[in-house]
Amino acid sequence: MRQKPLEDADEEHLVRRTAKGDRAAFEEFYRRTSPWLVVRLRRRCADEQIVAEVMQETFLAVWRAAGSFAGASTGGTAVGWVWTIAARRLVDAFRRRAHHAQPPPEVAFDVVPVAAAEDEALAATMGDEVGAALRDLAPELRAVLQAMVLDGLTVRETAVLLGLPEGTVKTRARRARIAMREALS
């Protein structure tokens, strides 16, 4: 049976071919997904070195774990799968950085809360009312809303990304929508 040309294959097919050791399919998957992925990572991290490390770790994981991709049979997409891998790698990088950057116990800092760059960008692009409503959401509700609405992840992918049960993701998404509706009415 003849395989589809790579340029005609969807991302899920490319991952399946990558699982069989097809380097060209992996390169095509990388070509299609890396620009999108680096933009998503930069929204969450301004450190280019960390973004580069996460990109490298992510695609190494894709190459090694392509055979474990369950795909549409579990309601996921190849793009959602690679984003989940990248998001986990980014969290790991933040944890490593925090672990190595712990100040000595005798040093005390006054911590002034600062809005995340992503929150500021959202507020600027969505207008004052929507931006204020987003900022007023509880952080756990905002995280679910961002993953599902802005990143386009499914409930299952959001659950994996945030390390939550799917039922909790659904409940938080509903609570976030209600809170946004009330804030904007």
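This text follows the structure it describes.
Keep in mind it's a predicted model, so treat the numbers as computed, not measured.

Novice: I'd love a proper account of the environment of Val 39, names of residues and values included.
Specialist: Topologically, Val 39 is positioned in helix 2 (residues 23–44). The partly exposed category is assigned to Val 39, whose relative accessible area is 44%. For the pair Val 39 and Val 51, spaced twelve residues apart in sequence, the C-alpha to C-alpha distance is 9.5 Å.

Novice: Give me the lowdown on helix 7 (residues 155–162), citing residues and values where you can.
Specialist: By the burial criterion, the buried members of helix 7 are Glu 157, Thr 158, Ala 159 and Leu 161. Looking one or two residues past helix 7, Gly 163 carries a phi angle of roughly 70°, positive in sign.

Novice: Residue-level account of helix 3 (residues 48–65), with values.
Specialist: A rise of 1.5 Å per residue sets the reference length of helix 3, with its 18 residues, at 26 Å; its end C-alpha atoms lie 25 Å apart and thus fit the reference within 8%. Regarding helix 3, the residues found buried are Ile 50, Val 51, Val 54, Met 55, Thr 58, Phe 59, Ala 61 and Val 62. Taken end-on, helix 3 shows its buried residues confined to a sector of 155°, consistent with a single buried face. Along helix 3, the residues that are exposed and aim more than 90 degrees away from the buried face are Gln 49, Gln 56 and Arg 64.

Novice: Please provide a residue-by-residue account of the nonpolar core, values included.
Specialist: Counting 32 residues, the largest nonpolar core has Phe 29, Leu 37, Leu 41, Phe 59, Val 62 and Trp 83 as its most contacted members. Of all the secondary structure elements, the ones that give two or more residues to this core are helix 1 (11–19), helix 2, helix 3 and helix 4 (78–100). It is helix 4 that provides the largest number of residues to this core, a total of nine residues.

Novice: Can you explain the pattern of salt bridges? Please cite residues and give values.
Specialist: All chains considered together, the criterion is met by seven salt bridges. Here Arg 96 and Glu 57 are joined by a salt bridge, their closest N and O atoms 3.5 Å apart. Placement of Arg 96 in helix 4 and of Glu 57 in helix 3 is noted, with a sequence separation of 39 residues between them. What makes Arg 96 partly exposed here is its relative accessible area of 35%. A single salt-bridge network, built from bridges that share partners, covers Glu 11, Glu 28, Arg 31 and Arg 32.

Novice: Can you break down the packing of helix 6 (residues 139–150) against helix 7 residue by residue, with the values?
Specialist: It is the contact of helix 6 with helix 7, at a shortest axis distance of 9 Å, that shows an interaxial angle of 130°. In terms of their interaxial angle, helix 6 and helix 7 are classed as oblique. In this structure, helix 6 meets helix 7 at a crossing whose hand is right-handed. Counted together, Ala 143, Val 144, Ala 147 and Met 148 of helix 6 and Val 155, Thr 158, Leu 161 and Leu 162 of helix 7 form the full contact between these two elements. Looking at the contact of helix 6 with helix 7, its residues break down into seven nonpolar, one polar and no charged.

Conventions and cut-offs
- Residues numbered from 1 in each chain as written.
- Predicted model: local features only at pLDDT ≥ 70, side-chain atom pairs only at ≥ 80, totals over all residues.
- Heavy atoms only, no water.
- Helix = DSSP H or I, 4+ residues; strand = E, 2+ residues; numbered from the N terminus.
- Buried < 20%, exposed > 50% of the residue type's maximum accessible area, 1.4 Å probe, protein only.
- Expected span 1.5 Å × (residues − 1).
- Arc of directions from axis to C-beta.
- Core = buried A, V, L, I, M, F, W, Y, C linked by side-chain atoms within 4.5 Å.
- Salt bridge = Lys/Arg side-chain N within 4 Å of Asp/Glu carboxyl O.
- Axes fitted to C-alpha atoms, helices over the stretch in contact; angles between N-to-C directions.
- Parallel < 35°, antiparallel > 145°, perpendicular 65-115°, else oblique.
- Left-handed = near helix turned anticlockwise from the far one by under 90°.
- Contact = heavy atoms within 4.5 Å.
- Nonpolar A, V, L, I, M, F, W, Y, C, P; charged D, E, K, R; others polar.

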